[in-house]
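Okay, here's what each chain looks like letter by letter:
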Amino acid sequence: ALTERELEAMIDTWIKTGNECALGKPCRNAKNLADYKSLRAKCEGPPRRPKEENATLVAKVAAGLQAMNDLFKTLKDALEALDREYGRQFQQVWGEIEKLHATIAYTSLGAGRIQQALYHQSSQGRPIADLIQQLGPTRNAEELLAFAWNSPWPEQQADVYDKVEAVIKSSQDPVLQTVLAIDIINTKNPNLEAKAKQATEQLKQLQTSTMAGDFSTVAALAARFPKHYAYLRQSLFQPAEGSKASAATLWNLSELADRMPTAEERLQTIEAIVQPLLGDNGTVVDDAEYFWPLTKLADELNRLPVSEEQKADLERLKNKFATHVSHKPLDYYQKLFSQIQSLKPGFPETSA
């Protein structure tokens, strides 16, 4: 094929030769004619093939296409087999990943890493409550309760608490059952309203037994779950609406402070017991019915070892005993306490 420059040179030669020809006479130049015929031949392309050759060519093309099609089938089968093998291995790896997530979720829950347990349990789309069934009733109780409390999905939390409740009930541990009741009440989850009502009734029963002098659950709750006891303490010693605390109940409750694990909780417990007895001026009401129980509470308060940080709270509580009896009412009550042992008033002491 001619280049563009060669073609331009050829045409320029033709024009120049034409200009040199005599006017009115034929202008024949052998070289120009040869170049023209050569250029024309190149434009026409190769000579046409005979029909027989075309048929042969078509047959070869068809054979080539068939061979390619056969090769494609083989390749397709190989690719499908490779895809199946990849899928099998992928499912195997994915299954191992799921097992790993489940193991980490289980161990995280057992170690108290609640948020990590929630992440690994939910990352594979598994129901959060399923993890609880893997734990025994006497192990990881605090983690189970924390796991249910920290559940970030309100729609799943009811199912989680169903599982936790079954485990806690099987433990037959009244302290864990109390913690569960307090947690359910404080979730404020509409899906747990029915359970919250049941939990409220359970705490009322605990209040009744505590008022009667059974401190086993409350004392253990304060030792094992101080935050839950602090919540319960706010209402535990309040009498029923429209009634007042009885002297016998107050006498029973005066024993409770000694069962508390720390001086701070003893101080707060005495304050909570005295709270229903306060009048409008913030001091103990002038009611002779409470005289002897108050002497015992005063003695408990005077024997209470407190830190420097707690002294202000202690003095504030002592001032709540200020009645018309004496200018130093707490000391007055405390001095009379020794007489209780010999006088034995009609308030039987109970042992929790």
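Residues numbered from 1 in each chain as written. Predicted model: local features only at pLDDT ≥ 70, side-chain atom pairs only at ≥ 80, totals over all residues. Heavy atoms only, no water.

Colleague: Would you mind going over a nonpolar patch on the surface with me for this structure?
Modeller: A cluster of nonpolar residues, Y86, F90, V93, W94 and I97, forms a patch on the protein surface that exposes about 490 Å² of accessible area. Looking at the element boundaries, V93 is found in helix α3 (residues 51-110). The partly exposed category is assigned to V93, whose relative accessible area is 48%. (Patch = residues over 30% accessible without salt bridge, like charges linked within 9 Å, V, L, I, M, F, W, Y side chains within 5 Å. Areas by Shrake-Rupley, 256 points an atom, 1.4 Å probe, with all protein chains shown as cover. Salt bridge = Lys/Arg side-chain N within 4 Å of Asp/Glu carboxyl O. Helix = DSSP H or I, 4+ residues; strand = E, 2+ residues; numbered from the N terminus. Buried < 20%, exposed > 50% of the residue type's maximum accessible area, 1.4 Å probe, protein only.)

Colleague: Could you clarify how one ought to interpret the packing of helix α10 (residues 226-236) against helix α12 (residues 263-274) in this entry?
Modeller: Relative orientation and spacing of two packed helices are given, respectively, by the angle between their axes and the distance between those axes. Remark: α10 packs on α12, axes separated minimally by 11 Å, with the N-to-C direction vectors making an angle of 15°. Relative to α12, α10 is oriented roughly parallel. Handedness of the α10/α12 crossing: left-handed. Residue-level inspection shows P226, Y229 and R233 of α10 in contact with α12, the latter providing E265, Q268, T269 and A272. Residues that form the contact of α10 with α12 fall into these classes: three nonpolar, two polar and two charged. (Axes fitted to C-alpha atoms, helices over the stretch in contact; angles between N-to-C directions. Parallel < 35°, antiparallel > 145°, perpendicular 65-115°, else oblique. Left-handed = near helix turned anticlockwise from the far one by under 90°. Contact = heavy atoms within 4.5 Å. Nonpolar A, V, L, I, M, F, W, Y, C, P; charged D, E, K, R; others polar.)

Colleague: I tried to follow the side chain of Q310 on my own but got confused; where do I start?
Modeller: With respect to the secondary-structure elements, Q310 resides in the loop between α13 (291-302) and α14 (311-319). Setting aside residues no more than four positions away along its own chain, Q310 makes contact with A263, E264, L267 and P305.

Colleague: Which parts of the structure should I look at to understand the UniProt feature "coiled-coil region" (unreviewed entry) in the protein?
Modeller: Under the UniProt annotation, the feature "coiled-coil region" (unreviewed entry) is placed at residues 182-209. A helix fraction of 82% and a strand fraction of 0% characterise residues 182-209, whose end C-alpha atoms lie 17 Å from each other. (UniProt positions renumbered as here; feature names shortened; annotations may be inferred.)

Colleague: Hey, could you run me through the environment of Q268 in this one?
Modeller: As for its placement among the helices and strands, Q268 is situated in helix α12. For the pair formed by Q268 and D313, sequence separation is 45 residues and the distance between their alpha carbons is 9.1 Å. Among the polar contacts listed, one links the side chain of Q268 to the side chain of R233, at a separation of 3.0 Å. (Polar contact = N/O pair within 3.5 Å; in protein donor to acceptor, adjacent residues only side chain to side chain.)

Colleague: Before we go on, may I ask you to explain the pattern of salt bridges in this structure?
Modeller: Pairing between side chains of opposite charge can happen when their charged atoms approach one another. A full pass over the atoms with the stated rule returns 21 salt bridges. The partner of R88 in a salt bridge is E85, with the nearest N and O atoms 2.6 Å apart. Of this pair, R88 and E85 are both found in helix α3, three residues apart, which corresponds to roughly one turn of the helix. Taking the relative accessible area as the measure of exposure, R88 reaches 47% and is therefore partly exposed. D173 serves as the salt-bridge partner of R224, at 3.1 Å between the closest nitrogen and oxygen. Placement of the pair is R224 in helix α9 (residues 216-224) and D173 in the loop between α6 (154-171) and α7 (174-187), with a sequence separation of 51 residues. By relative accessible area, R224 is classed as partly exposed at 38%. Overall, the relative accessible area of 18% leaves D173 in the buried class. One continuous salt-bridge network, built from bridges that share partners, spans D258, R266, D299, E300 and R303.

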